[in-house]
Amino acid sequence: MSFQLVIAEKPSVARSIAAVIGATEKQNGYWQGGGYLVSWCIGHLVSFAEAGQYDEKYCKWKYEDLPILPQLWQFIVPDEKKPQFEVLRALLNRPDVDSVTAATDAGREGELIFRFVYQMAGCTKPVKRLWISSMEDAAIREGFANLRPDSDYDALYQSALCRAKADWLVGINATRLFSVLYHKTLTVGRVQTPTLKMLVDRDAKILRFQKEKYYTVGIHSGSLKADSGRIADAETANSIKEKCTGANAVCASIRREKKAEQPPKLYDLTTLQREANRLFGFTAKQTLDYAQQLYEKKLLTYPRTDSQYLTEDMGQTVQHLVSDLLGLLPFAQGFALTAEVDRVLNSKKVSDHHAIIPTSEFVKQGFTGLAESECKLMNLVCSKLLCAIAAPHEYETVTAVFSCAGNEFAAKGKTVLVPGWKEIDQRFRSTLKADTEEEVLNTLPELAEGQSYSVVSDISEHFTSPPKAYTEDTLLSAMERAGAEDMPEEAERKGLGTPATRAAILEKLVQMGFVQRKSKQLVPTKDGINLAVVLPESLTSPALTAEWENRLTEIAKGNADADEFMAEIEA
């Protein structure tokens, strides 16, 4: 009898897959049954060797030994992961295993994890690829019915390999160089260093900021209040106030505009991390960890995605999902929703994985047995799905301009015509014990052009406000947009890092003592500032790293040459 060997990225995922395809007998380090053997990696089982393995002399950090550029790359299996690697090596080389299925996470890193193990085990058997976006039983079954040759993913692997080599080369050489020059361990990283520089630059702006005082004059008549623009000095403000007090103001013009605010898009990982940070104070890493747990519990689709759309064949699924959610979520009870599902479907805007949505398994199970943090995240994802397919939010703005004693004053008002998606958003937010901003609507009294009012006047003092320190929310957004202004419009991957790696980069900066968390703010430490200041621009420029990230995406799509990219990194 011959077997198909399936290799997953984690034990928990292997267990779920094994249960679906009937490999139910537990063996040492794998599951067996139904013609399948299902085993697992433990994250990165195989990694690049440390520099010391290439040459004894590299064990000491010396200026004259740099740069270190391996010609033939060497690999190692860390000691604590050797037992599981040996299990996989034995299975891959078993004579009764005639084919292999790569079932590691469907993305750049997952591809790398599998290929390294397969190569290090010296295996040459044919490989198929399982590519799924949800851990639900139906999705796993469908994935096995549609396995693709792993060679279809060669370009993705090349991209992953370039990413790993570039990180090794930049990290090892730059870290050794600056540590030797400054007699202190200064860790430099391809993505973490430009990220640190963004924090340091913002910190400097805040320190250099000098607040300026300015004034506004207001005129009042009953419930009507209108304001002047900014006035730089107190004398001018006083003279305007005196002229207007007791004078008449005439309504010179009224402008009414109907506007619509379109529903938000669905979540990709970055927008989910940003909103969870803003509403619940979760760090980017916490959000990714909770989302990963929910994915493994089959309640959420694959979280490491950069798409905010679903594929066009998912229309039916979403329709059912939405009607079930309306019954399940307390805050959605009795909400009349005309689901415009087509708005969230666009296969062209889905590369590896579609946007993050709840699964039909979640509809069956609900919130039973979930931790509070997981419940919060599920509620967030569910409310976003309902908002995304609800009607636009329609309102009218009114701007009235008054002239009084030769000066202009403006009053602004807003009335909601159709609450649309904002109603579900407000309902959801009112269930949170979080600091959410309520929108204040200002309704103006009935006005007519040419109408005259007798007014009283007052002055208020204001100060210009400094730039704000980054929070995880605003920093993730800045990382995503980094270098974007220097990028061609059609560049697909803009920014620093990928949705899957940004959280780990922030954690690393904090662990290494370059950045600290002050409540929700991320602030560079003295060490962080010193490091960012001594490094050359090529290492701290977000635009350069963003350009690399874009090239890696092009390599993954087969549009750019991996060797050329590596030659530039080495240079």
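First, a word on what this report is: a plain description of the structure on this page. (Residues numbered from 1 in each chain as written. Predicted model: local features only at pLDDT ≥ 70, side-chain atom pairs only at ≥ 80, totals over all residues. Heavy atoms only, no water.)

For the protein, the helix and strand inventory stands at 19 helices and 18 strands. Along the three orthogonal principal directions, the C-alpha set of the protein runs to about 100 × 65 × 40 Å. Long-range contacts, defined here as pairs at least 24 residues apart, represent 78% of the contacts in the protein between residues at least 6 apart. If you sum the accessible surface of the protein, you get close to 26,900 Å²; carbon and sulfur atoms cover 50% of it. Charge centroids of the protein, computed over 67 positive and 77 negative side chains, lie 3 Å from each other. (Helix = DSSP H or I, 4+ residues; strand = E, 2+ residues; numbered from the N terminus. Contact = heavy atoms within 4.5 Å. Areas by Shrake-Rupley, 256 points an atom, 1.4 Å probe, with all protein chains shown as cover. Lys, Arg positive; Asp, Glu negative; His and termini not counted. Charge placed at Lys NZ, Arg CZ, Asp CG, Glu CD.)

Okay, the packing of helix H1 (residues 11-21) against helix H4 (residues 137-145) next. It is at 10 Å that the axes of H1 and H4 come closest, and there the two elements cross at 75°. Classified by the angle between their axes, H1 and H4 sit roughly perpendicular to one another. Of the residues in H4, those in contact with Ser16, Ile17, Val20 and Ile21 of H1 are Asp137, Ile140, Arg141 and Phe144. Residue composition of the contact of H1 with H4, by class: five nonpolar, one polar and two charged. (Axes fitted to C-alpha atoms, helices over the stretch in contact; angles between N-to-C directions. Parallel < 35°, antiparallel > 145°, perpendicular 65-115°, else oblique. Nonpolar A, V, L, I, M, F, W, Y, C, P; charged D, E, K, R; others polar.)

Next up on the list: the pairing of strand S1 (residues 3-8). Burial analysis of S1 places six of its six residues in the buried class, which makes it a mostly covered element. Burial along S1 is two-sided: Phe3, Leu5 and Ile7 and Gln4, Val6 and Ala8, pointing in opposite directions, are all buried. Both S1 and strand S7 (residues 97-103) contribute to a ladder of six bridges, which runs parallel. Residue pairing for S7: Leu5 is matched across the bridge by Val100. (Buried < 20%, exposed > 50% of the residue type's maximum accessible area, 1.4 Å probe, protein only. Pairing = 2+ DSSP bridges.)

Here the focus is the environment of Thr359. Within the fold, Thr359 resides in the loop between helix H10 (315-328) and helix H11 (360-365). Along the chain, Thr359 and Ala400 lie 41 residues apart, while their C-alpha atoms are 49 Å from each other. Residues within four places of Thr359 in sequence aside, it is in contact with Ser134, Glu136, Lys298, Leu299, Leu300, Thr301 and Leu321. In terms of polar contacts, Thr359 uses its side chain to reach the backbone carbonyl oxygen of Lys298, at 2.6 Å. (Polar contact = N/O pair within 3.5 Å; in protein donor to acceptor, adjacent residues only side chain to side chain.)

Under the counting rule described, the total for this entry stands at 38 salt bridges. The partner of Lys197 in a salt bridge is Asp201, and the shortest N-O contact between them spans 2.9 Å. Taken together, the positions of Lys197 and Asp201, both in helix H6 (residues 192-208) and four residues apart, correspond to about one turn of that helix. Sharing partners across several salt bridges, the network here consists of Arg108, Glu109, Arg163, Asp167, Arg190 and Glu549. (Salt bridge = Lys/Arg side-chain N within 4 Å of Asp/Glu carboxyl O.)

This brings us to a nonpolar patch on the surface. On the surface, a cluster of nonpolar side chains totalling about 320 Å² of accessible area is made up of Tyr63, Leu181 and Tyr182. Along the chain, Tyr182 turns up in helix H5 (residues 154-182). (Patch = residues over 30% accessible without salt bridge, like charges linked within 9 Å, V, L, I, M, F, W, Y side chains within 5 Å.)

Reading across from one edge, S2-S3-S4-S1-S7-S8-S9 is the order of the seven strands in this open sheet, with mixed pairing throughout. Each having just a single partner strand, strand S2 (25-26) and strand S9 (148-149) make up the two edges of the open sheet. For strand S3 (residues 30-33) and strand S4 (residues 36-40), the ladder comprises four bridges, and the chain directions are antiparallel. Note on S4: the bridge partner recorded for Gln32 is Leu37.

Next up on the list: the nonpolar core. One finds Ile7, Leu92, Val117, Trp168, Leu196, Leu475 and Phe565 to be the most contacted residues of the largest nonpolar core, which totals 76 residues. Here this core takes 12 residues from H5, the largest share from any one element. Among all residues touching Leu475, those that are not within four sequence positions of it are Thr195, Met198, Leu199, Tyr470, Leu506 and Leu522. (Core = buried A, V, L, I, M, F, W, Y, C linked by side-chain atoms within 4.5 Å.)

Turning our attention to helix H15 (residues 499-511). Those residues of H15 that fall on the buried side of the exposure criterion are Pro499, Arg502, Ala503, Ile505, Leu506, Glu507 and Leu509. Considering only its buried residues, H15 is in contact with H6, helix H8 (269-280), helix H9 (284-296), helix H14 (472-481), strand S17 (515-518) and strand S18 (521-524). Directly beyond the C-terminal end of H15, a positive phi value near 80° is found at Gly513.

A few words now on the state of the cysteines. According to the stated counting rule, one finds zero disulfides in the structure shown. Cysteine Cys382 is unpaired, with the sulfur of Cys375 as its nearest cysteine sulfur at 10 Å. Cys382 gets classed as buried once you look at its relative accessible area, which sits at 0%. (Disulfide = S-S within 2.5 Å.)

What follows is about the packing of aromatic side chains. For the structure on display, the rule yields 15 aromatic pairs. A centroid spacing of 5.2 Å and a plane angle of 85° characterise the contact between Phe362 and Phe367, whose relative ring orientation is edge-to-face. Residue classification places Phe367 among the partly exposed positions, given a relative accessible area of 22%. Through a chain of ring-to-ring contacts, the aromatic side chains of Phe48, Tyr54, Trp73, Phe75, Phe116 and Trp168 assemble into a single cluster. The ring of Tyr153 has Arg129 lying over it, and the distance from NZ or CZ to the ring centre is 6.0 Å. (Phe/Tyr/Trp six-rings, centres within 6.5 Å; stacked < 30°, edge-to-face > 60°. Lys NZ or Arg CZ within 6 Å of the ring centre and 35° of its normal.)

With that out of the way, let us pick up H9. In a regular helix each residue adds 1.5 Å, so 13 residues correspond to 18 Å; H9 covers 18 Å between its end C-alpha atoms and thus fits that length. Three or more residues of H9 are buried, namely Ala284, Thr287, Leu288, Tyr290, Ala291, Gln292, Leu294, Tyr295 and Glu296. On its buried face, H9 sits against H1, H8, helix H12 (372-388), H14 and H15. (Expected span 1.5 Å × (residues − 1).)

For the coordinates displayed, the defined rule picks out three cavities of 30 Å³ or more. The space that makes up the largest cavity amounts to roughly 70 Å³. Residue lining of the largest cavity: Val13, Ile17, Ala103, Thr104, Asp105, Ala106, Leu130, Ile132, Met135 and Tyr295, and that is the complete set. Taken together, the residues of the lining of the largest cavity sort by class into eight nonpolar, one polar and one charged. (1 Å grid on protein atoms, 1.4 Å probe; cavity = no way out; pocket = protein on both sides within 12 Å on 5 of 7 lines; lining within 4 Å. Points joined across faces, edges and corners; volume = space filled by probe spheres on them.)

This part is about the environment of Thr399. Its place among the elements puts Thr399 in strand S13 (residues 393-404). Taking the C-alpha atoms as reference points, Thr399 and Thr431, separated by 32 residues in sequence, lie 34 Å from one another. Those residues in contact with Thr399 that lie beyond four places of it in its chain are Ser253, Ile254, Arg255, Ala411 and Lys412.

A word on the side chain of Thr104. Counting through the fold element by element, Thr104 comes out in the loop between S7 and helix H3 (108-120). A distance of 2.8 Å separates a polar side-chain atom of Thr104 from the backbone oxygen of Gly110. Discounting chain neighbours no more than four positions away, the residues touching Thr104 are Ile7, Ala8, Glu9, Cys41, Gly110, Glu111, Ile113, Phe114 and Arg129.

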